[in-house]
Structure formats: structure tokens, C-alpha cells
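A closer look at the structure
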Amino acid sequence: MGILNFARREAKTTADARLEAFLEGYSIEVMPRTAEKVEDFRALLPEGTRVYIAHIDGTPIEDMVNTAARLADDGFDVMPHFPARIIKDAATLEDWINRYQTEAGVTQGLILAGGVAEPHGEFHSAMQLLETGLFDRAGFKRLHVAGHPEGNRDIDPDGSDKMVMEAARWKSAFAERTDAQMAMATQFAFDAGPIVAWADRLKAEGVTLPIHIGVAGPAKLQTLIKFAIACGVGPSLKVLQKRAMDVTKLVLPYEPTEVLTDLAQHKLDNPDSLIEKVHFFPLGGIKANATWIQENGGESGRPAADTAA
């Protein structure tokens, strides 16, 4: 029995080490209205954590900039969204960039199409925003773009990934002609298999952008299924549906331990994989997500307040 217990502890330590290493330098996403509910981000997140600020249609730019300034003042690496379809024109884009820089010191952004069906103005894709050259002229140091491990029906209505892959190749080529560092941040998924296969295919297609894999944080199963359907999550949705059929797991919150451990092992076995970091969607709340990382990430999850102490 003693030998068995030792083997279990050793296996857990190995798994934890993999996960801790993979979680290092993770990022997380907030919205102005969810950020308002957090009294002190330094009690939750490690110093310097990259915090994406999602720009939902209808959110005033003032709220976005104020949230960015607050997070930057607290010592976090702020990356606001720039959704093409809600930006009316180049003048609006330039104004947003200028306000983020002058009021919050922002030098990076996630450039994406955005989730609205009809563009509000002249832009409909991330590529159009990048082609304006405004981010380069403003001296942005880092530009992230969207990735879709399980496809995107908005881009490829026929269910294929033809246009998604073409866009990925274009973005990768753009990275060669900008001074900014680039990476691909993805939609969340629940199964490592499709993610790994997609990353391998991108590499085979000549894409060289590092991938920051989107993962849903701990949340109620019903909440995740609702978001997954709304966001067009593909085959890996079956992981949640299978879990929902198990009565013993139905009332328990979903945690991303399995998918992240599998991805961590893949990265350990394939250090040249495009998969580089983890990006969390805190669908069950920022505090719940941060607590899970603190419990599973070791030093990678140690909040800034603990470091200061």
C-alpha cells in the first residue's frame, strides 16, 4: 500500500509539473462590466499577466479605456480587442489607438473581425484593420489575431475551413512585414485532440504564428454549453454533452484540468509545436478561474499581492 501511495504521489507531481510549466505566462479575458466587480486584480493574477479586454458591441470606448488604465496602473499587460465590424472607419480606429496609448499606455491589441453579423462601417475583417498600417505607425509592440481550431461558420458558412486557413496564412505572412510581435489567440475548445490536429495542420500549411490556446475556465456545465453553442464551438462540444449525460458529474462544475494536462503533455513531447501559451475565458467568473490557476499553476499562478508580500 505504501508503494502504491508513493506511485500516486509521484504521478501527481509529474502531472502538476507539466501543467505548471504550460500555465506559465497565461493570459485571461475580462470585460469592463466584469472588471468592475473585481475589487483588486492583484489579489487574483500574477504580476504582469496579459489581460485581454473584450470589446462587446455597444460598450462605450470610454469604459474600455478606463478599464485598460486601471489594469495598467495595477501592473498588468493590457491587450484590448479591436473588433473590425464595430469600428466605423479609419478615423475611429486611429482615435481608439490614440486614446488607449495616451490614457492607458497600451501598446498591444487583439485584432479580430468581431461577432456582429453586419459591419457598422467600412471594415469587416481583421486583415483590413492590419492593412491600414495604423498599429505599426503607432508603434504597437504586439498584435494578436484570432484563430479557430474547430472552424468558424461566420467565415466558412459551408462548414469547411477554407477561408479560415487562407486567413491564417495571410496573417502569418503579415507577421513577416510588421515590427510587432504576433501570435494567434484561439476560440475556446474542450478536447485536446482537435486542437493539436489543427495546430499541426497550420504548421504544415506554412503558418508560423505561435498559438495561445483558448480554454474555458471553471464554470457550471449549463453555462459552458450555452456559451459553446453561442460561440460556435465544434466537435469538442461533445465532451460537455457526454459529461451532461453523467448524472454524477452534472452538478459538478467543469474544470479545464484534463484538456490542459493533455495539451501540456503534447507540448512536452513536441517542444516545436506552434502551441505556446494558454488564454483563459473566465466564463464562470474571474475569481473562480484565478483560484483554479493558483491551485494548479504553482508559481505560474501566484498572484501579485502574494509576491509583493
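Side note on the overall build of the protein chain
- Summing up its helical and strand segments, the protein chain has 14 helices and 8 strands in all.
- Looking at the 309 residues of the protein chain, the share that counts as buried comes to 47%.
- Taking the contacts inside the protein chain whose residues are at least 6 apart along the sequence as the reference set, 79% of them involve residues at least 24 apart.
- Of the accessible surface of the protein chain, which amounts to about 15,000 Å², a share of 52% is contributed by carbon and sulfur atoms.

Quick look at the packing of helix H3 (residues 61-73) against helix H4 (residues 90-104)
- Remark: H3 packs on H4, axes separated minimally by 9 Å, with the N-to-C direction vectors making an angle of 35°. Of the two possible hands of crossing, H3 and H4 adopt the one that is right-handed. Note on element contacts: H4 touches H3 through Trp96, Arg99, Tyr100, Glu103 and Ala104, opposite Ile61, Glu62, Met64, Val65, Ala68, Ala69 and Ala72.
- Residues belonging to the contact of H3 with H4 are distributed by class as follows: 9 nonpolar, no polar and 3 charged.

Looking at the pattern of salt bridges
- In total, this model carries 9 salt bridges according to the counting rule given.
- The closest approach of N and O atoms between Arg42 and Asp40, which form a salt bridge, is 3.1 Å.
- On the basis of relative accessibility, which here comes to 27%, the residue Asp40 falls in the partly exposed class.
- Across the salt bridge formed by Arg99 and Glu62, the nearest N and O atoms sit 3.4 Å from each other. Here Arg99, found in helix H4, pairs with Glu62, found in helix H3; they are 37 residues apart in sequence, far enough to count as distant.
- Overall, Arg99 belongs to the buried group, its relative accessible area being 19%.
- One connected set of salt bridges, linked through shared partners, spans Asp40, Arg42 and Asp74.

A word on the nonpolar core
- Membership of the largest hydrophobic core comes to 79 residues, with the highest contact counts inside it found for Phe82, Phe135, Leu260 and Phe280.
- By size, the runner-up hydrophobic cluster in this structure holds 6 residues, among which are Tyr52, Leu110, Leu112 and Ala185.

Some remarks on helix H13 (residues 286-296)
- When we look at burial in H13, the residues that qualify are Ile286, Asn289, Ala290, Trp292, Ile293 and Asn296. Buried residues along H13 cover an arc of 155° about the axis, so they all sit on one side. Looking at H13, the residues exposed on the side facing more than 90 degrees away from the buried face are Lys287 and Glu295.
- Just downstream of H13, Gly298 is the residue with a positive phi angle, here 55°.

Quick notes on the environment of Lys287
- Inspection of the secondary structure assignment puts Lys287 in helix H13.
- The class of Lys287 is exposed, set by a relative accessible area of 60%.
- Sequence separation between Lys287 and Leu44 is 243 residues, and the spatial gap between their C-alpha atoms is 6.7 Å.

Thoughts on the packing of aromatic side chains
- With the rule as written, the count across this model stands at 11 aromatic pairs.
- With a centroid separation of 5.4 Å and an interplanar angle of 65°, the aromatic rings of Phe135 and Phe140 are classed as edge-to-face. By the burial criterion, Phe135 is buried, and Phe140 matches it.
- Three or more aromatic residues link up through ring pairs in this structure, and these residues are Phe82, Tyr100, Phe135 and Phe140.

About the criteria used
Residues numbered from 1 in each chain as written. Predicted model: local features only at pLDDT ≥ 70, side-chain atom pairs only at ≥ 80, totals over all residues. Heavy atoms only, no water. Helix = DSSP H or I, 4+ residues; strand = E, 2+ residues; numbered from the N terminus. Buried < 20%, exposed > 50% of the residue type's maximum accessible area, 1.4 Å probe, protein only. Contact = heavy atoms within 4.5 Å. Areas by Shrake-Rupley, 256 points an atom, 1.4 Å probe, with all protein chains shown as cover. Axes fitted to C-alpha atoms, helices over the stretch in contact; angles between N-to-C directions. Left-handed = near helix turned anticlockwise from the far one by under 90°. Nonpolar A, V, L, I, M, F, W, Y, C, P; charged D, E, K, R; others polar. Salt bridge = Lys/Arg side-chain N within 4 Å of Asp/Glu carboxyl O. Core = buried A, V, L, I, M, F, W, Y, C linked by side-chain atoms within 4.5 Å. Arc of directions from axis to C-beta. Phe/Tyr/Trp six-rings, centres within 6.5 Å; stacked < 30°, edge-to-face > 60°.

Nothing here speaks to function; it is geometry throughout.
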